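# Residue-level structure breakdown
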Amino acid sequence: MSRKFAAFIATGVALVVVAGALLVLALGHERQPHPTAASSQPAPPPSAGTPSTTPSGEPTDTPSNNAPPSTPRNPAADPTASLVKGKNKKVLFFSFDDGPDPYWTPKVLETLAKHNAHATFFELGNMQAAHPGLREQVLASGNAIGSHSISHPQLTAISDAERHRQIFDGPKSTCFRPPYGASNPKVRKDIKDAGMVQVLWDVDPRDWARPGVNAIVQNIMNNARNHNIILMHDGGGDRTQTVAALDKALTLLAAKGYSFLAMDCKQP
Ligand SMILES: [Zn+2]
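Along each chain, residue indices are assigned from 1 in the same order as the chain's sequence is written. Side-chain atom pairs in this predicted model are given and counted only at pLDDT of 80 or more, local residue features only at pLDDT of at least 70, and totals for whole chains, interfaces and linings cover all residues.

Labels follow the DSSP assignment, with helices taken as runs of H or I lasting at least four residues and strands as runs of E lasting at least two, numbered in each case from the N terminus. Scanning the protein chain for helices and strands turns up ten helices and seven strands. Exposure is read from a count of other C-beta atoms within 10 Å of each residue's own; the residue is exposed at 12 or fewer, buried at 20 or more and partly exposed in between. C-beta atoms are placed from the backbone. The proportion of buried residues among the 268 residues of the protein chain is 43%. Any residue pair is listed as a contact if its two C-beta atoms, each placed from the backbone, are within 7 Å. Taking as baseline every contact in the protein chain between residues at least 6 positions apart, the subset at least 24 positions apart corresponds to 79%.

The structure is reproduced here in structure tokens:
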């Protein structure tokens with residue numbers, strides 16, 4: 001083979017490699033969740049006051065799909081990090097938003113206990129005030145509580161003073177999950193100044209939309225990876241499907257070797 005020919009071949013191979021790398025980069029970029037997806041998409045109008053039990057007052061924590069919304073979790077301030085670090089165990093973190101609800105929260109607690117599982121409940125200040133005793137019941141059974149604001153507004157769309165109130169005067173915890181996953185630098189600063197860390201989620205099986213028990217279970221089974229946070233709801237409406245799906249998913253996931261822990265959210 002002549003030198004010229006060899007050089008020609010080498011150049012061709014190099015070009016193919018470079019083009020391939022660029023294509024991979026471009027595709028990878030497409031798959032990245034938009035960093036401000038949660039806050040830039042039009043969230044449904046927040047229901048006034050506490051989430052009602054009517055279908056119209058349905059709170060929706062994420063408008064889209066299973067992509068993690070907004071910011072990546074900061075490992076240093078991650079309430080799951082200390083629980084999985086250096087351990088080989090397969091662990092998932094179930095979380096329940098928009099409660100406590102006098103009917104559904106005890107049903108979720110019962111289902112968790114049946115499977116020797118624990119979870120984290122991101123509660124609303126208004127719901128805690130309206131249903132005294134449930135907060136204590138959640139904690140007494142070994143679960144954790146985070147704040148989900150007072151009344152579930154979209155924190156990126158309200159005044160500075162109201163955002164501050166919703167974050168500082170909500171349920172007491174070191175963990176905070178913004179309603180709809182809607183966050184921005186101002187929200188994150190308030191959360192930090194209030195002594196909390198922002199906690200989002202990895203898997204959203206869309207239980208709030210009541211897509212059917214099997215759809216919720218399948219979504220969890222298809223998407224949950226070791227150490228993931230799974231978003232579900234114990235408030236905001238009829239949670240029959242959520243409770244049934246939780247029961248099924250815990251059975252299937254336990255068979256795959258998973259255990260289920262509450263996050264490290266403290267009650268200051
Ligand atoms: Zn919510």
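Within the sequence span of helix α4 (residues 104-114), burial applies to Trp104, Thr105, Val108, Leu109, Thr111 and Leu112. Mapping the buried residues of α4 onto a view down its axis gives an arc of 165 degrees, with all of them on the same face. In α4, the exposed positions that point more than 90 degrees away from the buried face belong to Glu110 and Lys114. Looking at the buried side of α4, the elements it contacts are β1 (90-97), β2 (119-123), α6 (134-140) and α10 (240-255). The arc refers to the directions leading from the helix axis to the C-beta atoms.

This next bit is on the pairing of β2. On a regular strand, each side chain points to the face opposite its neighbour's, so the side chains alternate between the two faces of the sheet. The element β2 is largely enclosed, with a buried count of five among its five residues. Here, a strand pair is defined by DSSP locating no fewer than two bridges between the strands. With four bridges connecting them, β1 and β2 associate as parallel partners. Bridging across to β2, Phe94 finds its partner in Ala119. Of the crossover connections in this fold, the one passing from β1 over α4 to the parallel β2 is right-handed. The pairing of β2 with strand β3 (residues 144-147) spans four bridges and is classified as parallel. Note that in β3 the partner of Thr120 across the bridge is Ala144. Look down the strands so they point away from you; if the path from the first strand over the helix to the second goes clockwise, the crossover is right-handed.

Those residues of helix α8 (residues 185-193) that sit buried are Val187, Asp190 and Ile191. Buried residues of α8 fall within an arc of 100 degrees about the axis and therefore sit on the same side. Projecting away from the buried face of α8 at angles above 90 degrees are the exposed residues Pro185, Lys189 and Asp193. Check the buried side of α8 and you find it contacts α7 (160-168), β4 (175-176) and β5 (197-198). At the C-terminal side of α8, Gly195 shows a positive phi close to 80 degrees.

Relative to the elements of secondary structure, Ala81 occurs in helix α3 (residues 81-84). Residue classification places Ala81 among the partly exposed positions, given that 15 C-beta atoms sit within 10 Å. When the C-alpha positions of Ala81 and Met263 are compared, they lie 8.9 Å apart, and in sequence the two are 182 residues distant.

Here pLDDT means the predictor's own confidence in every residue, given as a number from 0 to 100. Summary statistics for the protein chain give a mean pLDDT of 80 and a share of 71% for residues scoring 70 or more. Segment residues 5-76 is flagged for pLDDT under 50; beyond a separation of four residues in sequence, or across chains, it makes 86 contacts in the model.

Here we come to the environment of Ala262. With respect to the element layout, Ala262 can be found in the segment after β7 (258-260). Take Ala262: there are 25 C-beta atoms within 10 Å of it, and that puts it in the buried class. As for Ala262 and Pro79, which are separated by 183 residues in sequence, their C-alpha atoms are 9.4 Å apart. Beyond its immediate chain neighbours, meaning those up to four positions away, Ala262 contacts His118, Ala119, Thr120, Gly142, Asn143 and Ala144.

Now for the nonpolar core. By size, the foremost hydrophobic cluster in this structure holds 48 residues, and its most contacted members are Ala119 and Ile230. Here this core takes five residues from α10, the largest share from any one element. If we ignore the near neighbours within four places in the chain, the residues touching Ala119 are Phe94, Ser95, Phe96, Leu112, Asn143, Phe260 and Ala262. For this entry, the nonpolar core is defined as buried Ala, Val, Leu, Ile, Met, Phe, Trp, Tyr and Cys residues connected by C-beta atoms within 7 Å.

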